[in-house]
Amino acid sequence: MTSSSVPSRKVLSKIASNRLQKEVMEWQTNPPAGFKYKVNDSLQRWIIEVTGAPGTLYTGETYQLQVDFPEHYPMEAPQVIFIPPAPLHPHIYSNGHICLDILYDSWSPAMTVSSVCISILSMLSSSPAKERPADNDRYVRNCRNGRSPKETRWWFHDDKV
Amino acid sequence: MPRENSNCSRSTASSGNGRGRRRVQPVEVEPPFIDVDAIDVDDDDDDVIIVSPSRTRAPASNVSRRRPVVLLDDDVVEEVNPRPSGVAIEEEVSIVSGNNHNKRVRISPSAGGSAYQLVPRTKVIEIQPEPPQPVPVEVPPPPPPKEPTFSCPICLNQLTEPCSTTCGHVFCQSCIKASIQAQKKCPTCRKKLNKNSFHRLYLPNTVN
């Protein structure tokens, strides 16, 4: 589990924890379809269970997402990774890192955990084949000492999956 | 309070005829009920109220004895202050008493002892050994429509000091400031923004 990278464990700002409390409440009344969030005592790290959508390559499979929030969330993006074993997907590395622009360059403070989850499920659902990214081995080797995917300089080349 | 919804206010006013004279005719079984509110004190035609036990217009000789009448209005001095409504008085008198020889009716506070009773002015309440009139239940007015509240997409709270970007998206002032500092684009539509690309909004109240 080299991938469960150590997030910068700075305590959440007041704005961040207020906003996360709002998100928890909203999630509890209106959770996104296909996701289960087991509420634990840590507001700063959410473990979310994803179930593959019916009629897709991942139907019925379940995976776990780990969401870590930075001190200045939502001005800064959360770190979102799959806890290995990660789903086989052309944009998901075996260490759980996800190549998805909204998690990095295209993050917006108007996005929420819920909206990110829906984007990830959408990405899974549109997969044409269960395969790893072509550069999987090289990339995983490079982040061996638990590097955060937020430090990766991603190249978002595929707007179809 | 919407009167038509109230079951217990039964108006005995005979509306519709131009005279607007009110006749209170208690049914024997039920306690008579006079809706005092329904009687318009200021109506000039309302000078005479006849309290009689039935529709037969029998000489009201018994009425005053059988049913005590309380005059709430001390404006009894009809003869002192004759009004245009004197005609109405005449008619009533002739109907009730059949006594035509006295066209001008003099009303005095002691009229209760005469063969008929004319009650000048309006407010008449019959007191009977019955429970008091049921008080109409107050229907609470519907609550005023709620003011719409909008939440900020960044803090998810109600907007404080709402501001609009040049692209028209609305956030709290502190939220959009911090957001533009973090990245120079609109949180909602990603349009390029700089630190002056928003302005305060002063939302109006709603109108009902």
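All values reported here derive from a predicted model rather than from experimental measurement. (Residues numbered from 1 in each chain as written. Chains lettered and ligands numbered in written order. Predicted model: local features only at pLDDT ≥ 70, side-chain atom pairs only at ≥ 80, totals over all residues. Heavy atoms only, no water.)

(A) A look at the sheet that holds strand 1 (residues 35–37) of chain A. All names here are of chain A. Spatial strand order, 1-2-3-4: four strands in an open sheet with antiparallel pairing. One side of each edge strand has no neighbouring strand; the edge strands of this open sheet are strand 1 and strand 4 (79–83). Adjacent strand axes in the sheet meet at a mean angle of 25 degrees when their direction is disregarded. Relative to strand 3 (residues 62–68), strand 2 (residues 45–51) runs antiparallel, the two being bridged by seven bridges. By the bridge assignment, Ile-48 is partnered in strand 3 with Leu-65. Against the sheet, helix 1 (residues 14–29) touches strand 1 and strand 2, its axis set at about 30 degrees to strand 2. Helix 2 (residues 113–125) rests against strand 1, strand 2, strand 3 and strand 4 of the sheet, and its axis sits at about 35 degrees to strand 2. (Pairing = 2+ DSSP bridges. Helix = DSSP H or I, 4+ residues; strand = E, 2+ residues; numbered from the N terminus. Axes fitted to C-alpha atoms, helices over the stretch in contact; angles between N-to-C directions. Contact = heavy atoms within 4.5 Å.)

(B) Structural view of the sheet that holds strand 7 (residues 170–172) of chain B. Residue and element names in this part refer to chain B. In space, the three strands of this open sheet follow the order 7-6-8, with antiparallel pairing throughout. Looking at the sheet topology across the chains shown, the edges are occupied by strand 7 and strand 8 (198–200). Strand-to-strand, the axes of this sheet are offset by a mean angle of 35 degrees, without reference to chain direction. When strand 6 (residues 162–165) meets strand 7, the two strands line up antiparallel, connected through three bridges. Following the sheet pairing, Ser-164 is matched in strand 7 by Val-170. Running at roughly 100 degrees to strand 7, helix 3 (residues 173–182) makes contact with strand 6, strand 7 and strand 8 of the sheet.

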